Amino acid sequence: MSAESFDPASSDQHVVVGPDGQPVAAQEPEADEEERSLTELVEQPAKVMRIGSMIRQLLEEVKSAPLDEASRARLRDIHQTSIKELEDGLAPELVEELERLSLPFNDATPSDDELRIAQAQLVGWLEGLFHGIQTAIYAQQMAAQSQLQQMRRALPGAPAAGMHPGVPGQQPTEDTPPHGPGMYL
């Protein structure tokens, strides 16, 4: 394969590696692959996690005790400030989604129920975001692990399928000979 057809420094191509470790084909990224992953959409994950924990705790407090008018007004302000702070830690795509879902309070002091609903909605959205991030990270780890296993199998002298090197007492499978490569005495 010539250097012109395969450029490892090119970020615009994805290379498919065959079982022998050699590049089989280069592919242009698909439209879906050009979108940023969910893990990239959270620009400040620690900040988002802290605010999410705070909002969850506030929701628990609101559930446990009735609030007077001053407390409800203060909670409304905290809720609105929390959303603004969250927006600082998120990519524009998630900011737009959050703005669509979180309706602002009117100028009047919200009721206990309005506050509970707004807080629960925000906590639910954040939990969905966190679960999505965890799922994306898990999928990335599984893909990397699979690719690593394929690369290991492609190496010369790699164990045959079904054999686990270093596992004492393992019997060879039907596909593999009962002895490994090397010198015979």
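If you're wondering where the values come from, they're calculated on a predicted model, not measured in any experiment. (Residues numbered from 1 in each chain as written. Predicted model: local features only at pLDDT ≥ 70, side-chain atom pairs only at ≥ 80, totals over all residues. Heavy atoms only, no water.)

Enquirer: Lay out the overall build of the protein in plain terms, naming residues and giving numbers.
Expert: On a plain count of helices and strands, the protein comes out with six helices and two strands. Taken from N to C terminus, the helices and strands of the protein fall in the order β-β-α-α-α-α-α-α. Residues classed as buried in the protein amount to 24% of the 185 residues present. When the accessible area of the protein is evaluated, it comes to approximately 13300 Å², of which 55% is carbon and sulfur surface. (Helix = DSSP H or I, 4+ residues; strand = E, 2+ residues; numbered from the N terminus. Buried < 20%, exposed > 50% of the residue type's maximum accessible area, 1.4 Å probe, protein only. Areas by Shrake-Rupley, 256 points an atom, 1.4 Å probe, with all protein chains shown as cover.)

Enquirer: I'd like to hear about the side chain of Arg76, residue by residue, with values.
Expert: Relative to the helices and strands, Arg76 is located in helix 4 (residues 69-88). The contacts of Arg76, once residues within four sequence positions are left out, are Phe105, Asn106, Asp107, Ala108, Thr109, Pro110 and Leu115. (Contact = heavy atoms within 4.5 Å.)

Enquirer: Quick one: what's the story with empty space enclosed by the protein, residue by residue and with numbers?
Expert: One simple way to see leftover space: roll a probe sized like a water molecule over the atoms. Applying the stated criterion to the full structure yields one cavity of 30 Å³ or more. Looking at the largest cavity, its volume works out to about 70 Å³. In terms of lining, the largest cavity is formed by His79, Ile83, Leu98, Leu101, Ser102, Leu103, Ala118, Gln121, Leu122 and Trp125. The dominant element in the lining of the largest cavity, judged by the number of residues it contributes, is helix 6 (residues 112-154), at four residues. (1 Å grid on protein atoms, 1.4 Å probe; cavity = no way out; pocket = protein on both sides within 12 Å on 5 of 7 lines; lining within 4 Å. Points joined across faces, edges and corners; volume = space filled by probe spheres on them.)

Enquirer: Outline the packing of helix 3 (residues 45-64) against helix 6, listing residues and values.
Expert: Packed helix pairs are characterised by how far apart their axes lie and by the angle those axes make with each other. Between helix 3 and helix 6, whose axes approach to 9 Å, the crossing angle comes to 145°. In this structure, helix 3 crosses over helix 6, and the sense of that crossing is left-handed. Along its contact with helix 3, which presents Val48, Met49, Gly52, Ile55, Arg56, Leu58, Leu59, Val62 and Lys63, the element helix 6 presents Asp112, Arg116, Gln119, Ala120, Leu122, Val123, Leu126, Glu127, Leu129 and Phe130. Partitioned by chemical class, the residues of the contact of helix 3 with helix 6 number 12 nonpolar, two polar and five charged. (Axes fitted to C-alpha atoms, helices over the stretch in contact; angles between N-to-C directions. Left-handed = near helix turned anticlockwise from the far one by under 90°. Nonpolar A, V, L, I, M, F, W, Y, C, P; charged D, E, K, R; others polar.)

Enquirer: Would you mind going over the pattern of salt bridges in detail, with residue names and values included?
Expert: Applying the stated criterion across every chain, the model contains six salt bridges. Measuring nitrogen to oxygen at the nearest pair gives 3.8 Å for the salt bridge that ties Asp88 to Lys47. Taken as a pair, Asp88 in helix 4 and Lys47 in helix 3 lie far apart in primary sequence, 41 residues in all. Its relative accessible area of 44% is what places Asp88 among the partly exposed residues. (Salt bridge = Lys/Arg side-chain N within 4 Å of Asp/Glu carboxyl O.)

Enquirer: Can you explain the side chain of Asp112? Please cite residues and give values.
Expert: With respect to the helices and strands, the residue Asp112 is situated in helix 6. Here Asp112 is buried and forms no salt bridge, its nearest opposite-charge partner Arg116 lying at an N-O distance of 4.0 Å. If sequence neighbours within four positions are ignored, Asp112 has contacts with Val62, Pro66, Leu67 and Arg72. (Lys, Arg positive; Asp, Glu negative; His and termini not counted.)

By themselves, these observations are geometric and do not establish any function.
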